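Residue-level listing of the chains:
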Amino acid sequence: MAKNIVVIGTQWGDEGKGKIVDWLTENVAAVVRFQGGHNAGHTLVVDGKKTVLRLIPSGILHESVHCYIGSGVVVSPAALFTEIGELESAGVDVAARLTIAPTCPLILPYHIALDQAREAAKGDQKIGTTGRGIGPAYEDKVARRAIRMIDLLDLDALADKLKAVLDIYNVQLQHLYGQAPIAFETVYAEIAGYAERLRPMIGDVSNTLYRLHQAGKHILFEGAQGTLLDIDCGTYPFVTSSNCVAGAAAAGAGVAPQMLDYVLGIVKAYTTRVGSGPFPTELFDEIGAGLAQRGNEFGSVTGRARRCGWFDAAALKRSIQINGVSGMCITKLDVMDGLEEVKICTGYHLHGEKIDILPFGSEAVAACKPIYETMPGWTESTVGVTEYDKLPENARRYLERLSELTGAPIAMVSTGPDRAETIVLEHPFHD
Ligand code: GDP
Ligand code: IMO
Ligand code: MG
C-alpha cells in the first residue's frame, strides 16, 4: 500500500493539482510543497467555496493536517503573509499548522524588480514569467548568495549578506535596465519586520518528515508547475527555474527517494499553456476558444488567458517516463463535453522524420507538426459525474485511448472543480 504520494503536473501547469491534493489530504498527516514559489496558483473548491493558494500547501483546509514548505521552495515573506491573512480571515488557522525549512531561499523586492525589468527589456522575446521574482531567486541560490530563512535568526550577519547581494542587483537594475537602485535600508527594514513572525514557523522539515514516516504516517508531496515547465526537462528557455518532476520531491523536501511510493500524474483532458513558448497542438479557432471559455482558462495568479489545444499524447509520453507515473488523474473532462469530434496528437513530423515523443529544446518543439487521430466526441454532460460507468461511452473510449497511448493507468477522473466532483478508479492510497 502506498504510504507517500507525489502529485505532479504532467503538462504546462494548471492541470488541477490543487484540487486533487486537497482531495487526497484526508488520508495523510502531512502535505509538503517541494519546489516553485508563489508563481503557482492552486484552486480548491469545497461545497462551492473557492480558495486559491499560491505558496501554502493545498492540504491546509483539512484541520488535522500539518503543512510543510521544503527547502526546494523559494519563499516571498510578503506573499506568504498576504496568503496567511486571506486564509485566516476566512477562518483557516495557518500559522500554527505551517512549518518552513530553514534552508528556503527568500524572494525579496530586488528579485521581483529584476524579473520584471528583464521581461520588459525582452519585448516579444519575453518568457512570459509570472513576474514574481522566481528566476532571480533561484539564480541566487545556485550562485550561493541567497538570503535564506535561516538568516532571519542572525540579522547582523544578514545585513552584510544583503549589502553584497544588493550591490550585484543595483548594478544590473541601473546599468542594464535604467531602473532606480533599491536602497539597503528599505529592504533590511522589511526583512527585519518579517523576522519575528517568521521565526516560530521555521523548523527542521526534513527530520520531521523522516520521523513521521518512521511512525507509519502518510505524507503527500505537492508539486507546482508541470513537467514541460521543468528547468531541465521542459521547453527551455520557456520554462520556470526549478525542477518540477517527481524526482525533485526528494531533494526539495529533504527526504530519501525511497520514501516516494507512488507518483500521481495530474493530466488535463486537453492542453493549456500560459506565457510564451512552443505549443504544438495549440488551437487558434473557435474550438480552442470554447475550451478556454468552458474551462475558465485564466491564470489563477496573474489572470492571464491560457492558450488551449488538443491533448498531446506524445508530450505526455515524455512526462510519464520522466516522472515514473504510477497512475494518472485526468482532469477537466467535463470541459470537452459537446464537441462533435475530439483529436489526440500521437506524434509529430519533425524535419522530415516521424517521432512519437516530445523532443527536447524549444526550437525542436516549435518545429514539430502534430499528427492527429480523431475520435467521436460526446453530447451528454459529464459535469459532476462520480462513477466511471455513468460517463458517456465515447468519453470512456477517449480516456481509455489516452491511457493506451501514454502507457499509464488511470487512477482518477475529475469532472468539475469541486472536491466532490471526482471519480476514483483505483484509489492511490488503497490496494
Ligand atoms: P493547478 O495549478 O494545477 O492546481 O490548477 P489551477 O487551480 O491553476 O487550474 C485548474 C482550474 O481548473 C481551477 O480553476 C480549478 O478550479 C479548475 N478545475 C480543476 N478540476 C476541474 C475539473 O475537473 N473540471 C472543471 N471544469 N474545472 C476544474
Ligand atoms: P501552477 O503550479 C502555469 C509559467 C509562466 C512562464 C514560465 C516562467 O499553478 O501549475 P516563472 O514566473 O516561473 O519564472 O515563469 O512558467 N508558470 C506557470 N504556468 N502554471 C503555473 O503554476 C506556473 N508557474 C509558472 O507563465 O511561462
Ligand atoms: Mg495553477
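Structure: see above.
Since the model is a prediction, treat every value here as computed from it, not as a measurement.

Reading the values: the criteria
Residues numbered from 1 in each chain as written. Chains lettered and ligands numbered in written order. Predicted model: local features only at pLDDT ≥ 70, side-chain atom pairs only at ≥ 80, totals over all residues. Heavy atoms only, no water. Buried < 20%, exposed > 50% of the residue type's maximum accessible area, 1.4 Å probe, protein only. Helix = DSSP H or I, 4+ residues; strand = E, 2+ residues; numbered from the N terminus. Pairing = 2+ DSSP bridges. Donors = N, O, S within 2.8 Å, 3.2 Å for Na, K, Ca; no water. Core = buried A, V, L, I, M, F, W, Y, C linked by side-chain atoms within 4.5 Å. Contact = heavy atoms within 4.5 Å. Phe/Tyr/Trp six-rings, centres within 6.5 Å; stacked < 30°, edge-to-face > 60°. Lys NZ or Arg CZ within 6 Å of the ring centre and 35° of its normal. Axes fitted to C-alpha atoms, helices over the stretch in contact; angles between N-to-C directions. Parallel < 35°, antiparallel > 145°, perpendicular 65-115°, else oblique. Left-handed = near helix turned anticlockwise from the far one by under 90°.

**Remarks on the pairing of strand β8 (residues 262-268)**
In terms of burial, β8 is largely enclosed, as seven of its seven residues are buried. Residues of β8 alternate between two faces, with Tyr262, Leu264, Ile266 and Lys268 on one and Val263, Gly265 and Val267 on the opposite face, all of them buried. Of the pairings in the sheet, the one linking strand β1 (residues 4-9) to β8 comprises five bridges and is parallel in character. Considered in β8, the bridge of Val7 is made with Leu264. Bridge analysis of β8 against strand β12 (residues 327-331) gives five bridges, and the strand direction is parallel. In the strand pairing of β12, Ile266 is matched with Cys329.

**Section: the coordination of the magnesium ion (ligand 3)**
Donor atoms from the polypeptide that coordinate the magnesium ion (ligand 3) comprise Asp14 (OD) and Gly41 (O), at 2.0 to 2.2 Å from the metal. Here Asp14, found in the loop between β1 and α1 (17-24), pairs with Gly41, found in the loop between β2 (30-33) and β3 (42-46); they are 27 residues apart in sequence, far enough to count as distant. Under the relative-accessibility criterion, Gly41 is labelled buried at 13%.

**Focus: the nonpolar core**
Of all hydrophobic cores here, the largest spans 117 residues; its most connected members are Leu209, Phe221, Leu264 and Tyr398. Top contributing element to this core by residue count: helix α5 (residues 155-176), with eight residues. Non-local contacts of Leu209, meaning those with residues more than four positions away in its chain, are made with Ala30, Val32, Tyr68, Ile219, Phe221, Ala253, Val255 and Met259. In terms of nonpolar packing, the next biggest core, distinct from the first, is built from twelve residues, Leu228, Leu229, Ala315 and Tyr348 among them.

**Quick word on the packing of aromatic side chains**
As enumerated under the stated definition, the model contains five aromatic pairs in all. Where Phe81 meets Tyr194, the ring centres are 5.7 Å apart and the plane angle is 35°; that geometry is what we call tilted. Within this pair, whereas Phe81 is found in helix α2 (residues 77-89), its partner Tyr194 is found in helix α6 (residues 184-198), the two being separated by 113 residues in sequence. For Phe81, a relative accessible area of 11% puts it in the buried group. Residues Tyr110 and Tyr169 carry aromatic rings whose centres are separated by 4.8 Å and whose planes lie at 55° to one another, so their mutual orientation is tilted. In this pair, Tyr110 sits in helix α3 (residues 109-122) while Tyr169 sits in helix α5, placing the two residues 59 residues apart along the sequence. The class of Tyr110 is buried, set by a relative accessible area of 0%. Here the basic side chain of Lys163 rests over the ring of Phe184, its NZ or CZ set 5.0 Å away from the ring centre. The ring centre of Phe360 lies 4.0 Å from the NZ or CZ of Arg318, which sits over that ring.

**Describing the packing of α3 against α5**
Running from N to C, α3 and α5 point in directions that differ by 20°, and their axes come no closer than 11 Å. Here α5 runs roughly parallel to α3, going by the angle between their axes. Pair α3 / α5 crosses with left-handed handedness. Where α3 abuts α5, its residues Tyr110, His111, Ala113, Leu114, Ala117 and Arg118 lie against Leu162, Val165, Leu166, Tyr169, Gln172 and Leu173.

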